[in-house]
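Chains, contacts and geometry: an overview
In case you want the letters, here they are:
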Amino acid sequence: GGLAAVGREAGRDRVTMEVDEPIGFREDLKDDHENAVRIRNDIFAEESLRQENRRVDIRRLLAVVGTKRDRSEKGRKFALFLLFTCLYVGTLFVQRAPYDSQTLRQTFGDHFTEAYFRDHATMEPKTFHDIVTVEDVWMWLTFVFLPRTFANSYDNGVERNASDSHTLLTSNRLTQGFRLVQRRARNHSAAFCIERPYYDEFAPNCYGKTFFESRIGDVDEEPFFSPDGKEKYEYREESSGLGSWLDQNVGYFQEFDFNYTDAQRQMETLQRNRWINPGTAWLRADFVFYNSNVNRFGFVKFTWEFKNSGQIMSNFQFRSIKSSQYETGDGAFRLGLEFLLVLFWTVISYWMVKEAIIDARASKHFFKHFNNLDALAELSQQMCFLGIMIVYLFILSYPFQASQVITSDKITSLDGKMINADSLSFLWEVYFIFNAVNLLISLFRMLSYVRINPNISQLTDTFAHCKDQIAQFAVVLALLLVTFTIMANLMFGAKVFEFSTFGEGFLSTVQIMIGNGDYFLIDKADKIAAPLFYYPFIMIMIFVVFNMTIAIIMDGYNLTVEKRKVALSENLSDLYNKSVFVQFWDGTLRLLAPIGSYLPLWLRLKKGPNGMEFDRYLAPDKYRTHAMMHALHGKAAETRYIPFEVYHMLVASSSSTELLVRETKFIIDRYSSWEDLTSQTSVDEESRARKERELTDVFVKMERLREKLETIKGVQMKMSATMDTMLRSWSIED
């Protein structure tokens, strides 16, 4: 009472304690008398002004107002980020347009790799993927690749017109002939072949190892000859495009023109001269075509890697690139999307830098703004966007069209060689990989943003509660996986390809852990080692580790549920039970505040948690209310409940404008922050009774314990008397 009296005396000059016009009225609304009366009666019932036996729960008020303000701010950022992400994903879809590229890849893959040829010795039908010998390579090149590449007649057998010549699969015209190129390994390598005088007479040759398509390692660049010494094949370097390392085409080349007969004769000569021999480490057959229907160049490559063990690994590669970026109608649409995306990204980056500078100046610490995971994720995404734009500038500056010479029957590079766009393809791959990683960061940011509503944030909250335990347990999981991978490599590496290397073994071990492993595969390789590896792995990784991981996640989820229960028990149900759809609707209407006075009444009215209705555009919003609550923070640390007059004095002292009693009471009504003294008294009495019952239970337990101690003491005295009697009897006998 004394504090209230002091407050009234101190604030008499600047605080009006009279009941004035209700909240939500302006001069431009008083013309409509009926609406004014309705709002007056609905919003400010007289009963709420006559509750003298209540006080203000300032801790709840500060918690509700602060939480709502933070959620509103995060919701605004989430809406902008969601809009930006939708624009970003749409731009990526238009840029990627993978359907045409995938159908071309599928078409050429089926056309060449699924075609059959006959094994020369066994007459067994084989495909591209069944190649195991050098003879199989020659058979496929001669009887599959050549006739299917040079399709110089229509389906009815009539020779093609000049404009349709060298066309594959109806719409794909070769820009030039095809070529073969091989790279070789050096014989008697000093790096990989040791001296072995005992075996030189039996096996005089030893070829070194090469890596990365035989570009590095023990690569042989010396000329080699045919068996009769008449033909000499020399190493050559070709450069195109930007002249980068990827555009460097090196090796021993053989070009084939459009004439099928000449190409067949040249192929037979190469086979007779053993152009492919034990020194061959890598071989490629490739050609380029252009499809005007989809405006794309296609680069088709068939490669063979000749292992030192004698194994031949076949591989089909296909890449397609648009001939132009913005010349068509969809290109113009894509350009517009990219421009909007860059503009949006620039604005977001400006806001981020501005907030970082404000926080740095306020805290005098340069990285103050980035001291939480959300800000770090935002910074990493902006840096990723910067890298993406740099890569895209390289793509746009690539001189693909400028490096072409186009005639009626050919498209070649400036030096007359086959078109090469390996660097451009590599840049596109890097570009889309960066974008995929960026989308993953966007997903994490969205999961962080959904915490604006507890009903949809269970996943994020659960992960936040258990992330430390999962990170520490991941170390143990990685150690176990590495150990079992090494075990599998030692046991089955020489017998099963899936465990022949550490990388293959690690992936296969993970496959077993998730239930996709094949026990019979390792059992067939080694019947003794298979159960020694498989069953301990299942017992440890599935029955123990996997269930421990689930237990850690369940602990995090239980903490999330417990936090929700605690919040509901503290009378914060309006923060945790609000539907995300209602929250989205309120946020959308909040954006219409500049035109709020022109909206119909049913859109303007909002119902509070206690059932009262008010005008959402004229009542004090949560931002203004939070600023007015500044003076309550210190008081909330001392006590939870204060009389209304003290509350009004503190709020008024922190505001630069004159506050009405009705306005300050409206804030309490809106956020349901009244505390009834009578109900609080009953709560205190119930708490006191509970404590008395607990104290009585303690006294009863202590009495029972005392009785047990007395019983034990009596038993001990009886045992002592018995022992004395026995000792005396033994003394008399002695």
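Up top is the structure these notes are about.
No experiment lies behind these values; they were computed from the predicted model shown. (Residues numbered from 1 in each chain as written. Predicted model: local features only at pLDDT ≥ 70, side-chain atom pairs only at ≥ 80, totals over all residues. Heavy atoms only, no water.)

Digging into the overall build of the protein
Definition in use: Where helices and strands are cited, they refer to DSSP runs of H or I of at least four residues and of E of at least two residues respectively, numbered from the N terminus. Burial classification: accessible surface area is computed with a 1.4 Å probe over protein chains only, and a residue below 20% of its type maximum counts as buried, one above 50% as exposed, and the rest as partly exposed. We call two residues contacting when some pair of their heavy atoms lies within 4.5 Å. Accessibility throughout is a Shrake-Rupley quantity obtained with a 1.4 Å probe, and a residue counts as covered only by protein chains that appear here.
Scanning the protein from terminus to terminus reveals 21 helices and 22 strands. Considering the protein as a whole, with its 734 residues, one finds that 40% of them fall into the buried category. Sequence-distant contacts, at least 24 apart, represent 66% of the contacts inside the protein between residues at least 6 apart. Of the roughly 43,000 Å² of accessible surface on the protein, 59% is carried by carbon and sulfur atoms.

A closer look at the packing of aromatic side chains
Quick note on the threshold: Pairing of aromatic rings covers Phe, Tyr and Trp, the last through its six-membered ring, and needs centres within 6.5 Å; plane angles under 30 degrees mean stacked, over 60 mean edge-to-face, and all others mean tilted. A positively charged side chain is recorded as over a ring if its NZ (Lys) or CZ (Arg) lies within 6 Å of the ring centre. The angle to the ring normal must also be within 35 degrees.
Summed over all chains, the structure comprises 48 aromatic pairs. The side chain of arginine 445 reaches across the aromatic face of phenylalanine 81, ending 4.3 Å from its centre.

Structural notes on helix α15 (residues 580-590)
The condition is simple: Of all possible arcs, the one meant is that of the directions from the helix axis to the C-beta atoms. Polar contacts, as used here, are pairs of N or O atoms within 3.5 Å; protein pairs need one atom able to donate a hydrogen and one able to accept it. Residues neighboring in sequence count only if both atoms are side-chain atoms.
Within the sequence span of α15, burial applies to Gln583, Asp586, Gly587 and Leu589. Down the axis of α15, the buried set is contained in an arc of 165°. They therefore lie on one face. Facing away from the buried surface of α15 by more than 90 degrees, the exposed residues are Phe581 and Phe584. Two or three places before phenylalanine 581, at the opening of α15, serine 579 has a side-chain oxygen 3.2 Å from that residue's backbone nitrogen.

A few points about the pattern of salt bridges
We apply this condition: Note on definitions: salt bridges are taken to be side-chain nitrogens of Lys or Arg within 4 Å of carboxyl oxygens of Asp or Glu.
All chains considered together, the criterion is met by 19 salt bridges. When the shortest N-O distance is used, the salt bridge between aspartate 422 and lysine 301 registers 2.9 Å. Pair noted here: aspartate 422 is in helix α9 (residues 422-449) and lysine 301 is in strand β15 (residues 296-306), with a separation of 121 residues, a long-range link. Like lysine 301, aspartate 422 is buried.

What about the packing of helix α3 (residues 58-96) against helix α8 (residues 373-396)?
As a reminder, the rule being used: To define axes, lines are fitted to C-alpha atoms, for helices over the stretch in contact only, and angles between the resulting N-to-C directions are given on a 0 to 180 degree scale. Orientation labels follow simple angle bins: below 35 degrees gives roughly parallel, above 145 gives roughly antiparallel, 65 to 115 gives roughly perpendicular, and whatever is left gives oblique. The crossing is said to be left-handed when, going from far helix to near helix, the turn is anticlockwise and less than a right angle, and right-handed when the turn is clockwise. Asp, Glu, Lys and Arg are counted as charged, while Ala, Val, Leu, Ile, Met, Phe, Trp, Tyr, Cys and Pro are counted as nonpolar; the rest, among them Gly, fall into the polar class.
Between α3 and α8, the shortest axis-to-axis distance is 15 Å and the interhelical angle comes to 25°. It follows from the interaxial angle that α3 and α8 lie roughly parallel. The crossing of α3 and α8 is left-handed. Residues Lys74, Phe81, Phe84, Tyr88 and Gln95 of α3 form the contact with α8, whose participating residues are Asp374, Gln381, Phe385, Ile388 and Tyr392. Classifying every residue of the contact of α3 with α8 by side-chain character gives six nonpolar, two polar and two charged.

With respect to the packing of helix α10 (residues 458-492) against helix α11 (residues 502-513)
Packing of α10 against α11 brings their axes to within 9 Å, and their N-to-C directions diverge by 115°. It follows from the interaxial angle that α10 and α11 lie roughly perpendicular. The way α10 lies across α11 gives a crossing that is right-handed. Between α10 and α11, the residues in contact are Leu477, Leu481, Val482, Phe484, Thr485, Ile486 and Asn489 and Phe502, Gly505, Phe506, Thr509, Val510 and Met513, respectively. Of the residues belonging to the contact of α10 with α11, the class tally is nine nonpolar, four polar and no charged.

Brief notes about the nonpolar core
Defined as follows: In this description, a nonpolar core means a group of buried Ala, Val, Leu, Ile, Met, Phe, Trp, Tyr and Cys residues linked to one another through side-chain atoms lying within 4.5 Å.
In terms of nonpolar packing, the biggest core is built from 41 residues, with Trp140, Leu141, Trp275, Phe287, Phe302 and Trp304 touching the most fellow members. Mapped by element, the contributors of at least two residues to this core are α4 (98-113), α5 (134-149), β6 (178-185), β13 (249-256), α6 (260-272), β14 (280-291), β15 and β16 (312-322). Of the residues forming this core, the biggest block, eight residues, is contributed by α5. Listed in part, the 30 residues of the second largest apolar core include Leu337, Trp345, Tyr398 and Phe400.

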